[in-house]
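Commentary on secondary and tertiary structure
The primary structure of each chain is shown beneath.
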Amino acid sequence: MRAIQQRSFGGPEELRLVEVPDPHPAAGQVRIRVESAGVHVVDTVVRRGGSAGPAGPQTLPAVPGREVAGVVDEVGAGVDAGLAGRRVVVSLGEAGGGYAELALAPAGEVHLVPENLDADAAVAMIGTGRTALAVLELAAPAAGDVALVTAAAGGIGTLLVQAVRAAGAAVVGLASGEQKLALVRDLGAAVTVDYSRPSWPEQVQTALAGRPVTLVLDGVGGEAGRAALELLGVGGRLVMFGMSSGSLPPLSAEDVYRYGITVCAAVGARLVRRPGGLRPLAEQALAAAAGGTLTPVIGTRFPLAEAAAAHTAIESRATLGKVVLHP
Ligand SMILES: NC(=O)c1ccc[n+]([C@@H]2O[C@H](COP(=O)([O-])OP(=O)(O)OC[C@H]3O[C@@H](n4cnc5c(N)ncnc54)[C@H](OP(=O)(O)O)[C@@H]3O)[C@@H](O)[C@H]2O)c1
């Protein structure tokens, strides 16, 4: 099969298309003929030699890819033969192996793809959608909220904008560039501001005409995350779930006290240890997309062979919505 393999840590050029022997499922595993593989910001961190979780840096060589959707074409010993031929989606997590024509997964971890979802939508919901739901569970947006979302045109951001809007809250969507801002407006944001411009916090304040921000949903961190939280009114809530800028927002207990932030919460790498596990959240995310309550935005599709270009696009902030690879 063809797969993307990484032999050394470094730039996107380390992601090379190679021919490797077809994998076969061990006992308890299924093999999936991949139709869509998700690409994450964290994949770029791992590629450079950073760690995605408690396991530390990736052991190389490795085939990256944390999630795939496709059709089961082989089952291992002890696996229900009825799974063969079924459309499934699975989060592979740190085990990886998704940037490939064929991927192995534990049979007990796959989810059947709802009939009306295509492979890209299923891939967008299994991890990105799952995290968005975890953020929403913590943030509990409600009518009357003014919710500020950073990277609002991103994979998680586009889902948050829709859900916050559906909860009756007003959305302030931050994104870079007119194309992203237009998308965020189309999704229902009342205010959109380009936060790559220096005066953006003042623009938000002017647009809100004195109404305070009550909720910040931040996956960017760094200076943008810090400026976002400084826009919170007294009693505001802050939920952090990522650091696309490279760092969390600088924030101390004193800041929480001084700004009167009432909820300072995070969805981080330990989400995997969430009581009750991640499976119910993933099921809810798939059901939300199948039922039309959330529509994943698949902004950027690349052929498998162009995985390096997908990473370059993510690192240069050139992607909209979820990024997927097609073998
Ligand atoms: N905690 C969890 O369980 C979990 C799970 C999945 C993802 N995450 C994290 O959540 C965040 C959002 O994930 P996502 O998949 O939805 O990504 P994404 O938002 O689709 O992509 C990242 C976006 O961050 C913005 N950004 C701001 N500064 C950046 C910089 N210096 N370099 C690159 N991008 C920058 C860009 O949007 P603009 O150009 O509009 O600024 C970019 O498009 C990521 O940090 C990710 O690692 C967390």
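This text goes with the structure placed above it.
What comes next is a walk through the structure. (Residues numbered from 1 in each chain as written. Predicted model: local features only at pLDDT ≥ 70, side-chain atom pairs only at ≥ 80, totals over all residues. Heavy atoms only, no water.)

What follows covers the site of the ligand. What surrounds the ligand is a group of 23 residues, the closest being I156, S176, K180, Y195 and R317. At 2.6 Å from an oxygen atom of the ligand is found a side-chain nitrogen or oxygen belonging to K180. Between the ligand and R317 there is a distance of 2.7 Å, counted from an oxygen atom to a side-chain nitrogen or oxygen. Within the complex, 84% of the 900 Å² of free accessible area of the ligand lies under protein. Tallied by class, the residues present in the shell around the ligand amount to eleven nonpolar, ten polar and two charged. Both domains that meet at the shell around the ligand, namely domain 1 (2-113 + 297-326) and domain 2 (128-272), each give it at least three residues. (Near = heavy atom within 4 Å. Polar contact = N/O pair within 3.5 Å; in protein donor to acceptor, adjacent residues only side chain to side chain. Areas by Shrake-Rupley, 256 points an atom, 1.4 Å probe, with all protein chains shown as cover. Nonpolar A, V, L, I, M, F, W, Y, C, P; charged D, E, K, R; others polar. Domains from an automatic or database assignment.)

What follows is about the sheet that holds strand β11 (residues 213-218). What the six strands build is an open sheet, ordered β10-β9-β8-β11-β12-β13; its pairing is parallel. Because the sheet does not close on itself, it has two edges, and the strands there are β10 (191-194) and β13 (263-266). Averaged over all pairs of adjacent strands, the angle between their axes in this sheet comes to 15 degrees, without regard to strand direction. Summarising the sheet, strand β8 (residues 146-149) and β11 pair through three bridges and their orientation is parallel. From the neighbouring strand, A147 faces β11, where its bridge partner is L215. Here helix α3 (residues 155-166) sits on the sheet in contact with β8, β9 (170-175) and β11, set at roughly 175 degrees to β8. Against the sheet, helix α5 (residues 200-208) engages β8, β9, β10 and β11, with an angle of about 165 degrees to β10. (Pairing = 2+ DSSP bridges. Helix = DSSP H or I, 4+ residues; strand = E, 2+ residues; numbered from the N terminus. Axes fitted to C-alpha atoms, helices over the stretch in contact; angles between N-to-C directions. Contact = heavy atoms within 4.5 Å.)

Right, let's talk about the side chain of Q5 for a bit. Along the chain, the position of Q5 falls in strand β1 (residues 2-6). A distance of 3.4 Å separates the side chain of Q5 from the side chain of R7, its partner in a polar contact. For Q5, the residues in contact, after removing those within four places along its chain, are E14, L15, R16, V18, V20, P61 and A62.

Any functional reading would require information beyond the geometric quantities listed.
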